[in-house]
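In case you want the letters, here they are:
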Amino acid sequence: MADIKVVEGSEAVALAVKACRPQVVAAYPISPQTHIVEALARMAADGDLKAEYVRVESEFSAASVVSGASAAGSRSYTASASQGLLLMTEVLYASAGMRLPFVITGVNRSISAPINIQVDHQDTISLRDSGVIQFYVESAQEAYDMHLAAFKIAENPSIMLPVMVCMDGWVLTHSYERVEFLDQETVDSFLPPFKPENFLDVTNPKTWGSYAEGDVLMEFKYAIHKAMNEGKSSIRRIFAELTTLTGRDYGGLVEAYRADDADVILVAMGSMAGTIKDAIDDLRQEGKRVGLVRIRCYRPFPHEDLIGALGRAKVVAVLDANVSIGSEGAVGLDIKSKLNGRPGMPMVLDFIAGLGGREVNSSAVRKIVDRAEKILFSGLPISEAEWIDLNPAIVP
Amino acid sequence: MKITPGAVVKGGTSLNYKTGSWRDQRPEIDQETCKQCGICQEVCPDDAVRQSGDRYEIDYDFCKGCGICAHECTAEAISMKNEEK
């Protein structure tokens, strides 16, 4: 019988991590991630979490500690946000390259400058090329469940990569929600102890990430790319196991909402999907055939699932809570590149929305749907992303 | 031979890479001036100074020619010479 509690999103994540029995936790506090690692520090101090909790002087060191601990054969965890994730970046590329399967919570927050502590996806999106697997969650419940899956996916012998669970700062980390918790025996049966083939051992010295010249470097990078892409089948299988355990539907790398017969499909990641679903319900009542496809697994990019889910729409409007400055939003670019050249695919439009905590409310969703319909009927696709609710009057 | 995931290999394989070929300047020890203090060996970042009896000698297989030994030598016994082919 599941234990049901109303908890803060951060507490739900800390309890998920605790249930996964990490041996090493290292973290440096940064808003809005702090409550997660505070809770884990408290559990460790109280003796409820039997882990080495390493207090470090920076996020670079936090990532380095979990990287080394993972190489030593320990199940390891860290969390960060925003600037902290950027400071971890160098270590995360190296960790993926060395195939070290720790789990990291990427609490989404804007990137400076200007300084801002509210939610957008710029921080974790900037790590999309690192070789770290990324999931984006919509609720505290999904954050809890995905952390259980994250360790199992990371440690899968055919994958062996860091996994980042991305959750929106404040909106998910600091809200209280009803969360169902699995009992420890169930988690233990789902997630066996971490037993890597290679681990640091003084009696059998090995080198991780050894020197590779141009004659083999491409093959090493391709091996990571292949492990991540071929890992999709393992991710689907582990999500399906999680569905069986929890009774909650984690059947896919994407989640479709009223999208089967939709002419206009919105694509989004993270907590804004909740608002979009409400807006869709209203628009449906007005007779508009609108749906949502939410990307749960962003790296590896689930293009097979997206082609299936988007293929019948007339127009796809992507809400990107990030921007590749000088280009477009990352998700829009990904979808356009994967649909390109396939016959009968819908027009794809990219919208930059919700940067720095700018609210993506139902009126913003309506604007995007209206705009997408207008562009569709005009037959003139826009060549660059539109910034929703931008106030051009104050732009110098 | 297949590459290994994570580039994990047995330890010590750096000995197979003769990084001395990167060098464009070579340190030379004047054994007459050398006081055998061993500072050159302590400061070498590539562990490329060997002790042989009471002499210190450069291991040119691994010396990259950074010049730290010459800079730190208190007896000024080490000079840097251009490598020529």
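Reference entry: report on the structure contained in this document. Once a new chain begins, its residue numbering starts again from 1 and follows that chain's sequence as written. The order in which chains are written sets their letters, starting at A; the order in which ligands are written sets their numbers, starting at 1. Reporting in this predicted model follows two pLDDT cut-offs: at least 70 for local features of residues, and 80 or more for side-chain atom pairs to be given and counted; totals over whole chains, interfaces and linings ignore these cut-offs and use all residues.

Residue and element names in this part refer to chain A. To sort residues by burial, count the other C-beta atoms lying within 10 Å of each one's C-beta; a count of 20 or more means buried, 12 or fewer means exposed, and anything in between means partly exposed. C-beta atoms are built from the backbone. Note on conventions: DSSP H or I runs of at least 4 residues are helices, E runs of at least 2 residues are strands, and numbering of each starts at the N terminus. Listed as buried for helix α11 (residues 330-339) are A330, V331, G332, D334 and I335. Here, residue contact means that the backbone-derived C-beta atoms of the two residues sit within 7 Å. On its buried side, α11 packs onto α5 (122-125), β11 (264-268), β12 (290-295), α10 (303-310), β14 (315-320) and β15 (347-352). A positive phi of about 85° marks G341, the residue just after α11.

Contact with chain A, which involves 17 residues of that partner, is made by 10 residues of chain B. Looking at the side of chain A that touches chain B, the elements that each hand over two or more residues are β9 (206-207) and α8 (217-246) of chain A. Element by element, the count of residues in the side of chain A that touches chain B is highest for α8(A), at 3 residues. Residue composition of the side of chain A that touches chain B, by class: 9 nonpolar, 5 polar and 3 charged. In this description, strands pair whenever DSSP reports at least two bridges between them. Strand direction decides the pairing type here: β9(A) and strand β1 (residues 9-10) of chain B, joined by 2 bridges, are antiparallel. When the sheet's bridge partners are listed, A:T207 is paired in β1(B) with B:V9. Gly is put with the polar residues, along with every residue not named as nonpolar or charged; the nonpolar set is Ala, Val, Leu, Ile, Met, Phe, Trp, Tyr, Cys and Pro, and the charged set is Asp, Glu, Lys and Arg.

Residue and element names in this part refer to chain A. Taken in spatial order, the 7 strands make up an open sheet running β3-β2-β4-β5-β7-β6-β13, and their pairing is mixed. Each end of this open sheet is capped by a strand with a single partner; those strands are β3 (52-55) and β13 (297-299). Strand after strand, the sheet turns through a mean of 20° between neighbouring axes, direction not considered. Note that strand β2 (residues 24-27) and strand β4 (residues 76-81) share 2 bridges and pair parallel. The partner of V24 across the bridge, within β4, is S76. To get an axis, fit a line to the C-alpha atoms, keeping to the stretch in contact for a helix; angles then go from 0 to 180 degrees between the N-to-C directions.

This next bit is on the sheet that holds strand β10 (residues 254-257) of chain A. All names here are of chain A. Strand order in the open sheet formed by 6 strands is β10-β12-β11-β14-β15-β16, with mixed pairing between adjacent strands. Strands with a single pairing partner mark the edges of an open sheet, and in this sheet they are β10 and β16 (386-387). Bridge count for β11 against β12 is 5 bridges, and the pairing is parallel. Its bridge partner lying in β12, V264 is registered against V290. In the packing of α10 onto the sheet, contacts are made with β10, β11, β12 and β14, and the angle to β10 comes to roughly 10°.

In summary, soluble globular proteins display a tendency toward joint burial of nonpolar side chains. Residues and elements named next belong to chain A. Here a nonpolar core is just a set of buried residues of the types Ala, Val, Leu, Ile, Met, Phe, Trp, Tyr and Cys, joined wherever their C-beta atoms sit within 7 Å. If you look at the biggest cluster of nonpolar residues, it comprises 131 residues, and the most contacted ones within it are I265, V267, V316, A317 and L319. Tallying contributions element by element places helix α6 (residues 140-154) first for this core, with 10 residues. Boundary definitions for the domains trace back to an automatic or database domain assignment. No fewer than three residues from each of domain 1 (3-246) and domain 2 (254-394) sit in this core. Not counting residues up to four positions away in its chain, the partners in contact with V316 are I265, V267, L310, I335, P346, V348 and L349.

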